[in-house]
Amino acid sequence: DRADHSLLWSHADGLIVHPTITIHEGAIYFVEDRNPHSESAETGRLFRQSGKDQYLVALDLHTGQKLWEKAYDLRKFDRVMYQSAANGVLLVVGSSDRYHLLGIDASSGEELWSKSFAWKRDHHGGAMQHPVIVKDKIYLETKGLELRRGRVFREDLPVRRGCGTMSATDRSIFYRNSTHSMWDLETDKRVQMPGIRPGCWLGLIPAGGL
């Protein structure tokens, strides 16, 4: 409890993959390894997964009560693994030799779709991009996909030079292409702003009209 600091609930049933912790519509979701290899326990990263002991877990955010859990073979998500959520869909994204995506029903844990595609570069963060969800669309690396069905609807995302990943509002995407850049999703106009160079990762936070 943030007012009196009392413990409301706790959960410990395995090694939780921190970048997958996601809060959506009164629930908290994460990937958990129930039988982690010793290297995983020491480092907090997933090593030598069996494909049988990784679970996607949903808990009630306020009580900690388990809503559901589903076993998933996540061995292909061994370089990075992220989870996001919007409109009742969980999105698990990771990479190994290419990008892998899973669309999952947030209410049941059932798989809705899966997709894989190649990256353009294996350096400067090219294999570690974080997805951006705008309304009912996903933007990742070179592709735009439908959140509910996973259908690719465009493959002409802006060129991004350097290490940066993308951030977004409901109208525009912000990214680094040597300098600060913006892509207006409504007009498809792409603008670069010479002289402004954002940081090497997610250094652009659009908020309050700025």
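Within every chain, residues take consecutive numbers counted from 1 along the sequence as written. Predicted model: local features are reported for residues with pLDDT of at least 70 only, side-chain atom pairs are reported and counted for 80 or more only, and whole-chain, interface and lining totals are derived from all residues. Hydrogens are left out, water is left out, and the side-chain values use all remaining heavy atoms of the structure.

1. What about the overall build of the protein chain?
Step number 1: Helix and strand content of the protein chain: one helix and 17 strands.
Step number 2: Radius of gyration means the value over C-alpha atoms here, while the globule rule gives 2.2 Å times the residue count to the 0.38 power. Taken over C-alpha atoms, the radius of gyration comes to 18 Å for the protein chain, in line with the 17 Å a tight globule of 210 residues would show.
Step number 3: Think of it in three bands: residues with accessible area under 20% of the maximum for their type are buried, residues over 50% are exposed, and the middle band is partly exposed, with areas taken using a 1.4 Å probe on protein chains only. Per-residue burial for the protein chain yields a buried fraction of 44% across its 210 residues.
Step number 4: Nonlocal contacts in the protein chain, meaning residues at least 24 apart in sequence, comprise 42% of its contacts between residues at least 6 apart.
Step number 5: Note on areas: these come from Shrake-Rupley sampling with a 1.4 Å probe, and a residue is covered only by the protein chains present in the view. Carbon and sulfur atoms make up 50% of the accessible area of the protein chain, which totals about 11300 Å². Elements are defined by DSSP. Helices are runs of H or I of four residues or more, strands are runs of E of two residues or more, and each kind is numbered from the N terminus. Two residues qualify as a contact provided that any one of their heavy atoms is within 4.5 Å of a heavy atom in the partner residue.

2. Section: the confidence of the model for the protein chain
Any region with low pLDDT has predicted coordinates that should not be read closely.
Step number 1: When pLDDT is averaged along the protein chain, the result is 90, and 98% of the positions lie at 70 or above.
Step number 2: A residue's pLDDT is the predictor's confidence in that residue, given on a scale from 0 to 100. By mean pLDDT, helix 1 (residues 38–43) is the weakest element of the protein chain at 73, and strand 2 (residues 22–24) is the strongest at 98.

3. Focus on the environment of T20
Step number 1: Tracing the chain through its elements places T20 in the loop between strand 1 (15–16) and strand 2.
Step number 2: In contact with T20, not counting residues within four places along its chain, are Y29, F30, V31, M81, Y82 and Q83.
Step number 3: Polar side-chain contacts of T20 include one of 2.6 Å to the backbone oxygen of V17. Polar contact is the term for a pair of N or O atoms within 3.5 Å; when the atoms are in protein, one must be able to donate a hydrogen and the other to accept it, and sequence-neighboring residues count only if both atoms are side-chain atoms.

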